[in-house]
Each structure stands twice: as structure tokens, then as C-alpha cells.
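Chain by chain, the residues run as shown.
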Amino acid sequence: MASKLQMSRRASLNALVEDMLSELESEFLQGEGGDTGSCSGWESDPQSFSITLAKFYYRTDFPNPRSPNPSVVSVTGAWDPKVAFWVTFDNGDVVGVSMKLVPTQHIAVAGPRVGNLCPFNLRCRYTYSCSASGSISFTKISCG
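Which residues make up the pattern of salt bridges, and what values do they have?
Overall, the coordinates contain two salt bridges when judged by the stated rule. For Asp61, the salt bridge identified is with Lys140, shortest N-O distance 2.8 Å. Here Lys140 lies in strand β6 (residues 136-143) and Asp61 lies in the loop between α3 (46-60) and β1 (72-77), a separation of 79 residues in the sequence. The salt bridge partner of Arg66 is Asp93, with a shortest N-O separation of 3.0 Å. Taken as a pair, Arg66 in the loop between α3 and β1 and Asp93 in the loop between β2 (84-89) and β3 (94-98) lie far apart in primary sequence, 27 residues in all. What makes Asp93 buried here is its relative accessible area of 6%.

If you want it as C-alpha cells, here you go:
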């Protein structure tokens, strides 16, 4: 009996956490979240934005990285050169970044390069915010 009660409490807690995360995500997407500074500088510099997101993705979600902290050696246009970029690291790993939804929906996408593609099942979606001092931080929404 205690087992069923524990499972019920755990399910209720999980539902509460999911609701809270959903509310936070909605606030970020509507621009009402934790922004204490403008991200317009980052949004107007797509190469710097892409490098920063690619480094974050590489540290947190890149599948089978070749080294723990590689340096960026180049940034080139990708499938849509105005809003998508390949960020190449010195170890040969490449991350694709899409800014198609920046700044309108405050979402950016990153994933590993496989051939000339960035496979959907390996991509992660992130929202972002900027501090009053001008730094940018990313929060994962989902992967895959």
C-alpha cells in the first residue's frame, strides 16, 4: 500500500514540476522571463552568438566529443547562410547553429554536423537570456 501511495505522490510531484517548467518556458518565449539585459547586441552579431551557443552545446549535449574544451577555428554559412552557421573546432568536430527564430521567438537550435546536414534527432533547442553586464546564457528546451 505504501508503494502505491509513494508512486502517486511521485506522479503528482512530476506533474507539478512539468507544469512549472512549462510556465517558465512560456515566460522565456514571451520575453517575460529572467532577462535583466538586452540581447540585441548578441542578436545582431550572428557569428559571436553562434560561437557561444556552439561551445555551450558542445560542453552539454554534443554526442561523443573528441576533446573536452576545443577552440573554435572557423565559422561559415550553413544551410541558410543568413541565419545558420557551421562552427568548426580545432579537433575537427563541427556544430551547426540556427538563429532562424532569433529574436522573434527567442529560440536557437544547435546540433552536430553529419555530412552537410544537422540531423533533427541530434538537434537541441535553447532559449536564451542576457545579463545587465552583457553576457548571454542558454537554457535547454529539448533535444531530438
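Before we move on, could you go through the nonpolar core and cite the residues and values that matter?
Ranked by internal contacts, the top residues of the largest apolar core, which has 23 residues, are Phe49, Leu53 and Val95. Elements with a minimum of two residues in this core: α3, β2, β3, β4 (107-112), β5 (124-130) and β6. For this core, the element with the highest residue contribution is α3, accounting for five residues. Residues in contact with Val95, not counting those within four places in the same chain, are Ala54, Tyr57, Tyr58, Phe62, Phe85, Trp86, Val87, Phe89, Ala110, Gly111 and Pro112. By size, the runner-up hydrophobic cluster in this structure holds five residues, among which are Ala78, Ala84, Trp86 and Cys118.

So, α3: which residues are in play, and what are the values?
The end-to-end C-alpha distance of α3 is 21 Å, a good match for the 21 Å that 15 residues give at a rise of 1.5 Å each. Residues of α3 that are buried: Phe49, Ser50, Leu53, Ala54, Tyr57 and Tyr58. Across the axial projection of α3, the buried residues extend over an arc of 160 degrees, all falling on one side. Residues of α3 that are buried sit in contact with α2 (40-43), β2, β3, β4, β5 and β6.

Tell me what's going on with the side chain of Thr127, and back it up with residues and numbers.
Relative to the assigned elements, Thr127 resides in strand β5. Owing to a relative accessible area of 4%, Thr127 belongs among the buried residues under this scheme. A distance of 3.0 Å separates the side chain of Thr127 from the backbone oxygen of His106, its partner in a polar contact.

Each value, and the rule that gives it
Residues numbered from 1 in each chain as written. Predicted model: local features only at pLDDT ≥ 70, side-chain atom pairs only at ≥ 80, totals over all residues. Heavy atoms only, no water. Salt bridge = Lys/Arg side-chain N within 4 Å of Asp/Glu carboxyl O. Helix = DSSP H or I, 4+ residues; strand = E, 2+ residues; numbered from the N terminus. Buried < 20%, exposed > 50% of the residue type's maximum accessible area, 1.4 Å probe, protein only. Core = buried A, V, L, I, M, F, W, Y, C linked by side-chain atoms within 4.5 Å. Contact = heavy atoms within 4.5 Å. Expected span 1.5 Å × (residues − 1). Arc of directions from axis to C-beta. Polar contact = N/O pair within 3.5 Å; in protein donor to acceptor, adjacent residues only side chain to side chain.

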